[in-house]
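Coordinate inspection notes
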Amino acid sequence: MNTFKQKTDFIREIIRNDLKENDGGQYKIHTRFPPEPNGYLHIGHAKAICLNFGLAREFGGLCNLRFDDTNPTKEEMEYVNSIKQDIKWLGFDWEGREYYASDYFEKLYGFALALIKKGKAYVCDLSGQQIREYRGTLTIPGKNSPYRERPIEENLMLFEEMKNGKYPDGAKVLRAKIDMKSPNLNMRDPVMYRILHKKHHRTSGKWCIYPTYDWAHGQSDSIEGITHSICTLEFENHRPLYDWFLNELEIHHPRQIEFARLNLTYTVMSKRILLELVKSKIVKGWDDPRLPTISGMRRRGYSPTSIRNFCAEVGIAKADSTVAIEFLEHFVREDLNKKAPRRMAVINPLKLIIDNYPDNIVEELEAVNNPEDLSAGTRKIPFSKILYIEKDDFMQEPPPKFFRLAPGREVRLRYAYFVKCNEIIKDRDGNITEIHCSYDPLTKGGDAPDGRKVKATLHWVSAGHAVSFEARIYEKLFKNENPYQVQEVGELKDNLNPDSLSIIENCMGEPSLSSVEPGHVYQFERLGYFCVDPGCSNDSIIFNRTATLKDEWAKIQKSQ
RNA sequence: UGGGGAGUAGCCAAGCGGUAAGGCAGCGGGUUUUGGUCCCGCGAUCGUAGGUUCGAAUCCUGCCUCCCCAGCCA
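Our subject in this report is the structure included herewith. Treat the numbers as computed from the prediction; the structure is a model and nothing was measured.

**Some remarks on the sheet that holds strand β21 (residues 467-474)**
Reading across from one edge, β10-β23-β24-β25-β21-β22-β11 is the order of the 7 strands in this open sheet, with mixed pairing throughout. The open sheet has two edge strands, β10 (342-343) and β11 (345-346), and neither has a second partner. Pairing geometry for strand β23 (residues 521-524) and strand β24 (residues 528-532), over 4 bridges, is antiparallel. Within the sheet, the bridge partner assigned to Val521 lies in β24 and is Cys531.

**A few points about the sheet that holds strand β19 (residues 457-458)**
On the basis of which strands lie adjacent, the open sheet formed by 7 strands has the order β19-β16-β17-β18-β12-β15-β20 and mixed pairing. This sheet does not close on itself; its edge strands, each paired only once, are β19 and β20 (460-462). Bridging between strand β17 (residues 418-426) and strand β18 (residues 432-440) involves 8 bridges; their strand directions are antiparallel. In the sheet register, Val419 faces β18, and the bridge partner there is Tyr439.

**Examining the pairing of strand β16 (residues 410-413)**
Of the two faces of β16, only one is covered, namely that formed by Val411 and Leu413; the face formed by Glu410 and Arg412 stays uncovered. When β16 meets β17, the two strands line up antiparallel, connected through 3 bridges. Considered in β17, the bridge of Arg412 is made with Phe418. Where β16 folds back onto β17 in an antiparallel hairpin, the turn is made up of 4 residues, including Tyr415, whose phi is positive at roughly 65°. Across 2 bridges, the pairing between β16 and β19 is parallel. Paired with Arg412 across the strands is Thr457, a residue of β19.

**Regarding the environment of Arg290**
Topologically, Arg290 is positioned in the loop between α9 (271-279) and α10 (294-300). Arg290 has contacts with Ile282, Val283, Lys284, Arg300, Tyr474, Glu475, Leu477, Ser500 and Leu501, leaving out every residue within four places of it along the chain. A polar side-chain atom of Arg290 sits 2.8 Å from a polar atom in the side chain of Asp288. Polar contacts involving the side chain of Arg290 include one to the side chain of Ser500, which spans 2.9 Å.

**Observations regarding the pattern of salt bridges**
Under the counting rule described, the total for this entry stands at 45 salt bridges. Across the pair Arg97 and Glu95 runs a salt bridge, and its minimum N-O distance is 3.0 Å. With relative accessibility at 12%, the residue Arg97 sits in the buried group. Each member of the salt-bridge network shares a partner with another, and the members are Arg32, Arg66, Asp68, Asp221 and Glu224.

**Considering the protein's contact with RNA strand B**
What surrounds RNA strand B is a group of 65 residues, the closest being Arg342, Phe403, Arg404, Gly445 and Glu552. Those atoms of RNA strand B that come within 4 Å of the protein belong to sugar or phosphate at a rate of 63%. Note that a phosphate oxygen of RNA strand B is positioned 2.9 Å from one of the side-chain N or O atoms of Arg194. Between Tyr213 and RNA strand B, the recorded distance is 2.9 Å, taken from a backbone N or O atom to a phosphate oxygen. If you list the elements that add at least two residues to the surface near RNA strand B, you get α5 (128-135), β6 (191-195), α12 (325-339) and α13 (552-559). In terms of residue class, the surface near RNA strand B is made up of 23 nonpolar, 19 polar and 23 charged.

What counts, and at which threshold
- Numbering of residues begins from 1 in every chain and follows the order in which that chain's sequence is written.
- The lettering of chains begins at A and the numbering of ligands begins at 1, in the order of writing.
- Restriction of local features to residues with pLDDT of at least 70 applies here, the model being predicted, together with a cutoff of 80 or more for giving and counting side-chain atom pairs; totals for whole chains, interfaces and linings are based on all residues.
- Water and hydrogen atoms were dropped before computing side-chain values, which therefore reflect all heavy atoms in the structure.
- In this analysis, strands are considered paired if DSSP registers two or more bridges between them.
- Runs of H or I in DSSP of at least four residues are treated as helices and runs of E of at least two as strands, each being numbered from the N terminus.
- Residue exposure (1.4 Å probe, protein chains only): buried if accessible area is under 20% of the type maximum, exposed if over 50%, otherwise partly exposed.
- Any two residues having at least one pair of non-hydrogen atoms within 4.5 Å are treated as being in contact.
- In the analysis that follows, any N or O atom pair within 3.5 Å is treated as a polar contact, provided that within protein one partner can donate a hydrogen and the other can accept it, and provided that, for residues neighboring in sequence, both atoms belong to side chains.
- Any carboxyl oxygen of Asp or Glu that lies within 4 Å of a side-chain nitrogen of Lys or Arg is treated as forming a salt bridge with it.
- In this text, near means that some heavy atom of the residue lies within 4 Å of the molecule or strand in question.
- When residues are grouped by polarity, Ala, Val, Leu, Ile, Met, Phe, Trp, Tyr, Cys and Pro land in nonpolar, Asp, Glu, Lys and Arg in charged, and all others, Gly among them, in polar.

Next up, the structure:
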């Protein structure tokens, strides 16, 4: 059922070597997925989740879930809950090892004390602005803070006072005493603790000093006995700092490995921007199906399997890359093609009347539920004189390669009969309102006894039995392949695709669509995959289009 | 500009000195009661210039390009 495709990559290679070198012992690899609960997870996180949990699974190790919750000004319980739900939904299990950096605040405080006592950390009174100035630039070395040589005892006292709330936000920080002239800016006496009189979602008002990420992350991994700390490229510059902390503290030292984060065309992965889209109501929430969030993709109809396969196939490497959104779509189609039950539904209905079909007869025709999986069985679909077909399936003046219905032309109605178009009815504005056909009773089931062929098979719905529903059609969120291609950050919104969502009401579906379960995905034949929206009620059915089917005709049209 | 990374087909990505996997996209063809699926076929000498070697995408040197770092964000 659940497949976990895996490829080989430089990380797995490193791990295989580590396993070989530690051969014979109790050595087991231990990874972790360390999100900050300041937003919802997106497909980029899925890549990290599949990697970390996948590694543990493949090599017989463990993977923890740890929330890096060191900044109470941005973090919320809602986010930790959504994160847990998304990881589970993706098919991974942290087996109870749910940890928080905030669980380690006490230990971290103790580590800080140890560094102060070693003369390797000091309390600094410089303002944020001053710290920046003293830090120097890429080419100019920094200068030592005037507080750098404070006696250990004084540092100890001041740090305790910081903890006890004696100072306002920003008044003092605890810094590591490393090297203000280091070419690596992260080593220029980085801040370890800042004063933040803010309640934390887990520790509440217990602390008013909070560790910075740089101070907390490596030690948290160490405390958990992580063997391989896998993170993204931007932390490569921080590794020397983590190494320094761990060495000074003389505690377990994980091996950090960095890989390139995922980028996708036509969308953004920045949590900051995602938050902005949600807050400004440009999208309808974190689970808006246009977003690359896990919850958005779930609502859109993406299966966990398709996301996992995508993550496995996209590869792990160190080169910056932007994956085509089409690549992602390929994996939903691949998975849904195998699993989604087929249904007939018409998004833009056009009335088709079969003049020579008896008025009050209804035939029950048998339809295959899934040609890719015969065990899915068959169902009955009612057929009658008045039907709906797709507007796009008829053209009064068909261009060269259009081989659907047109005046005088014969096509097949799927599972039913051949019909031939005889007449077109228009309203006073010239819009086609209905088309009249005649059917050939001998072609029942879809084949002609005389062996004649038709060039097209159309989907249809019996008008008298149709279930009406709303379809939400999603397109790319941004117009530009790279939404970040803007002069100024604020202009990002100008790149939004105004047609990213279109709502189409009064779509017509076959009767079996009258009772559907939220989250279920169907293939509407010839149209695409559609997922039942959780916002459905008894009298309104909503389908989100997950993806279209590949469309040869659309390609031809584009090239014409 | 100092430091840290990366450059293999339109997009990902294998390759680890022996003569360029695979996937997606694209193009052509076959099958088909979904213009879907499936099947077959088609593309790169590896950023660049030198060097080492019988032999280099793989080793060395120079150059070019891109990414990351000057948050008391993560």
